[in-house]
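What follows is the residue order along each chain.
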Amino acid sequence: MYQISYEREKNSLRVYIEGELNYPKVRFLETILKKEKDISEIHIFLTCGKFIDTEGIKFLYRLKKEGIGISIYSDRSFFKLFDKELDILSLEELKKFIKKGVLNG
Amino acid sequence: MELSLKLSNNPLLIEPTVDFVYRYSLNAGLDIESAKELSLAFNEILTDIVLFAFEPEEKGFFEVKIDYTLNEVEVIIHELGEPFDPDRHKYSPEKAKKELNFDGAGFLVAKNLLDDFLFIFKGREGKEFRLVKKIKHPHITELFKEEEIKEETGKAVEYTISHITEDDAEDIAKLIYRAYGYTYPKEEMYYPEKIKNAIREGKKFGVIVRNEKGEAVGYFAVIFSTDSNIGEVGEVVVSPKHRGKGLMKMMMKALIDMAKIKGLLGLFGEAVTVHTVSQKVNEKFGFKSTALVLGFFPPAKYKGFQHKPQRVSVVIDFLPLSERKNVKVFLPKDYSRILKDIYKNLGINVINLRAKKEKISEKSIISLAVNYNFSSAVLIVRKFGSDFIERVKRKVKSLKEKGIKGIYIDLPLNQQWIKEFIPLLKKEDFIFAGLMPLFHREKDYLRMQMISEPVDFKQIHVHSQMAKKIKRKVYKEYKGLKNVSDKL
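Worth saying up front: this structure is predicted, and the values here are computed from it rather than measured.

The rules behind each value
Residues numbered from 1 in each chain as written. Chains lettered and ligands numbered in written order. Predicted model: local features only at pLDDT ≥ 70, side-chain atom pairs only at ≥ 80, totals over all residues. Heavy atoms only, no water. 1 Å grid on protein atoms, 1.4 Å probe; cavity = no way out; pocket = protein on both sides within 12 Å on 5 of 7 lines; lining within 4 Å. Points joined across faces, edges and corners; volume = space filled by probe spheres on them. Helix = DSSP H or I, 4+ residues; strand = E, 2+ residues; numbered from the N terminus. Nonpolar A, V, L, I, M, F, W, Y, C, P; charged D, E, K, R; others polar. Pairing = 2+ DSSP bridges. Axes fitted to C-alpha atoms, helices over the stretch in contact; angles between N-to-C directions. Contact = heavy atoms within 4.5 Å. Buried area = accessible area lost by both parts, 1.4 Å probe. Salt bridge = Lys/Arg side-chain N within 4 Å of Asp/Glu carboxyl O. Phe/Tyr/Trp six-rings, centres within 6.5 Å; stacked < 30°, edge-to-face > 60°. Buried < 20%, exposed > 50% of the residue type's maximum accessible area, 1.4 Å probe, protein only. Lys NZ or Arg CZ within 6 Å of the ring centre and 35° of its normal.

Visitor: Honestly, the layout of surface pockets in this entry has me stumped. Any pointers?
Guide: Gaps left between atoms are located by rolling a probe of water-molecule size over the structure's atoms. Residues and elements named next belong to chain B. The calculated volume of the second largest pocket comes to roughly 1,000 Å³. Lining the second largest pocket are 39 residues, with Tyr180, Val236, Met248, Val277 and Ser278 sitting closest to its centre. Among the elements that take part in the lining of the second largest pocket, strand β9 (residues 230-238) stands out by supplying seven residues, more than any other. Classifying every residue of the lining of the second largest pocket by side-chain character gives 21 nonpolar, nine polar and nine charged.

And the structure:
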């Protein structure tokens, strides 16, 4: 239904999302995490994504609280807006916690 | 080009609708970053509606309208879901971190990413969200050096006048800057790209005057009304060294001829009252004053005129281009005399219709046009209903909370209920403004206005006899306002 695929390697989950990380995709990811137990880190590859909305941020914060490491890969302009959002929401520690990888230079 | 979508509260629709808004915004002229910000803000409101505005199993519908002007893209979301008070859902970073309670986060992000955000609670009529993102283009001062723009053209003995094209955009912006500095109220005139777009999209037509060296020395344009077949003589500039040479006359004459050829029913001007120069020009060309609109745009300093800062009031001057000998309307008792005078001055005989015994509809239809740059809004009544006053009260409350300073209401004179509602609007502190001929859907409207700041009438200079008469009427009602009479 959504453009999401994933693969597991030991305790690491690699998730590929086309488009935004928003409410419908969060619901989908939650079902994946229910199925895949004992995940300690998640790598999220966002292609053609404009943003992560506040439902997505809430989801990421929950992962952080559960001690799951987070890496996000997307383009530079995506992170600009993401950082702006985290500043608006005063979530500096989430900004520091998430590892960022810039795709396409 | 306005677009309207009817959507159900199905989460699957969030993403394609957000994508649509993103693509539309790019086509309307937003840069990628701004389009992403608008899309995210829209996504937040949309998600809130889909998740919380309706009961879990309830199938609900809501409407999304999207439109753009030269300055901004506006998305309007209207829904009839459960009542909601944004003030009760304030985001708290502490609650988010401790309890994972992100209540109000979407609203906060949306507000911060938008240039303007308006929430209107309409009671039984639901809720309305207005999301605005401004279109960024380079300002004329970013494109040229100050000396280059300010370079004054020499005296000319010969002038040529021609219709404006997209290629004239830069020269027009330079002219505006040279003549007015930063004080010209229509900000888009400092951005060549916006002028170019307006000409390309047929939103205006006009003329440009050049001297024998080909330098632009005068510009005058008519902007098409989006709601009626009339136009506004809204943009004019003559280079300082070429004033008093009859350029204004030459341009106005050309514009009137062009407007007739294009089949416009009338032209109107919003002439400032800081001075009477524009009003005198309008009068010379047969325009007749029909209304005095108080505090229409924010305070501005006019070169060469002494005035204290207060919101700028305008006289509406109207030039009919089609003959109307008789007009049949419902004249409200309190304004019957002055409206008859205004019509007579326009060369129109007015016939006052009697109200019939009819049952009023339950629901009113009221459009809202907000000018965020001017901090003003006009409520346009399309149809009166028994809920009229309540609807107006709620809209006014939301607009005031948003800090909108100029609030006006246009009432159709061809609907009998206008007679009943005028006294009620007066109770809500609306006062007379005047007649807006053919202003909406080719029909005549009565405009009333609400004052948010004290007005110094000594600083409102009007020229024509009719404008003076209207000013006296407006002042009389202004003095009668409770909060004003206490201070006088």
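Visitor: So what exactly am I meant to see when it comes to the sheet that holds strand β5 (residues 127-134) of chain B here?
Guide: What links the strands of a sheet is backbone hydrogen bonding, and the strands pair in either a parallel or an antiparallel sense. Residue and element names in this part refer to chain B. The antiparallel open sheet is built from five strands, whose spatial order is β1-β2-β3-β5-β4. At either margin of the open sheet sits one strand with a lone partner, and together these are β1 (3-8) and β4 (116-121). Ignoring which end each strand starts from, the neighbouring axes of this sheet average 15° apart. Strand direction decides the pairing type here: strand β2 (residues 61-68) and strand β3 (residues 72-79), joined by seven bridges, are antiparallel. Opposite valine 64, over in β3, you have isoleucine 77 as the bridge partner. Helix α1 (residues 14-28) contacts β1, β2 and β3 of the sheet and is inclined by roughly 15° relative to β2. Contacting β1, β2, β3, β4 and β5, helix α2 (residues 32-52) crosses the sheet at an angle of about 170° to β5.

Visitor: I would appreciate a short explanation of the sheet that holds strand β2 (residues 12-18) of chain A in the present structure.
Guide: Residue and element names in this part refer to chain A. A sheet is described by the order of its strands in space; here five strands give the open sequence β1-β2-β3-β4-β5, paired in mixed fashion. On the outer flanks of this sheet lie β1 (4-9) and β5 (99-102), each paired with one strand and no other. Put simply, the sheet's adjacent strands are angled 15° from each other on average, direction ignored. Each of β1 and β2 touches helix α1 (residues 23-35); the most contacted strand, β2, lies at about 155° to it. Lying over the sheet, helix α3 (residues 76-88) contacts β3 (41-47), β4 (69-74) and β5, oriented at roughly 130° with respect to β4.

Visitor: Any chance you could explain unusual backbone geometry here in plain terms?
Guide: The general pattern is negative phi for most residues beyond glycine and trans for most peptide bonds. Within the chain, lysine 10 of chain A stands out as a residue other than glycine whose phi angle is a positive 55°. Relative to the helices and strands, lysine 10 of chain A resides in the loop between β1 and β2. With a phi angle near 75°, aspartate 429 of chain B is a residue other than glycine that sits in the positive phi range. In this structure, aspartate 429 of chain B sits in the loop between α13 (418-427) and β18 (430-440).

Visitor: Would you mind showing me how to read the interface of chain B and chain A here?
Guide: Size of an interface, as often reported, equals the accessible area lost when the parts are brought together. Facing 30 residues of chain B, the contacting portion of chain A comprises 31 residues. Counting the surface lost from both chain B and chain A, the interface buries some 2,600 Å², and carbon and sulfur atoms represent 65% of this. At the boundary of chain B with chain A, the tally comes to five salt bridges. The partner of lysine 25 of chain A in a salt bridge is glutamate 15 of chain B, and the shortest N-O contact between them spans 2.6 Å. Secondary structure elements with two or more residues in the side of chain B that touches chain A: α1, α2, α3 (93-99) and α4 (105-113) of chain B. The biggest single contributor to the side of chain B that touches chain A is α2 of chain B, with nine residues. Across the side of chain B that touches chain A, the residue classes tally to 16 nonpolar, five polar and nine charged.

Visitor: Explain the packing of aromatic side chains here, please?
Guide: To describe a pair of aromatic rings, you give the distance between the ring centres and the angle between the ring planes. Residues and elements named next belong to chain B. If you walk through the whole model with that rule in mind, you get 26 aromatic pairs over all chains. With a centroid separation of 5.4 Å and 85° between ring planes, the pair formed by phenylalanine 107 and phenylalanine 117 is classed as edge-to-face. Within this pair, whereas phenylalanine 107 is found in helix α4, its partner phenylalanine 117 is found in strand β4, the two being separated by ten residues in sequence. No difference in accessibility class separates phenylalanine 107 from phenylalanine 117, as the two residues are buried. Relative to phenylalanine 421, the ring of phenylalanine 388 lies with its centre 4.7 Å away and its plane at 50°, an arrangement referred to as tilted. Taken together, the residues phenylalanine 388 in helix α12 (residues 388-401) and phenylalanine 421 in helix α13 connect sequence positions 33 residues apart. Residue phenylalanine 421 is classed as buried on the basis of its relative accessible area, which comes to 7%. Three or more aromatic residues joined by ring pairs form one cluster here, namely Phe107, Phe117, Phe119 and Phe129. Here the guanidinium or amino end of lysine 194 rests over the ring plane of tyrosine 191, the centre of that ring lying 4.6 Å away.

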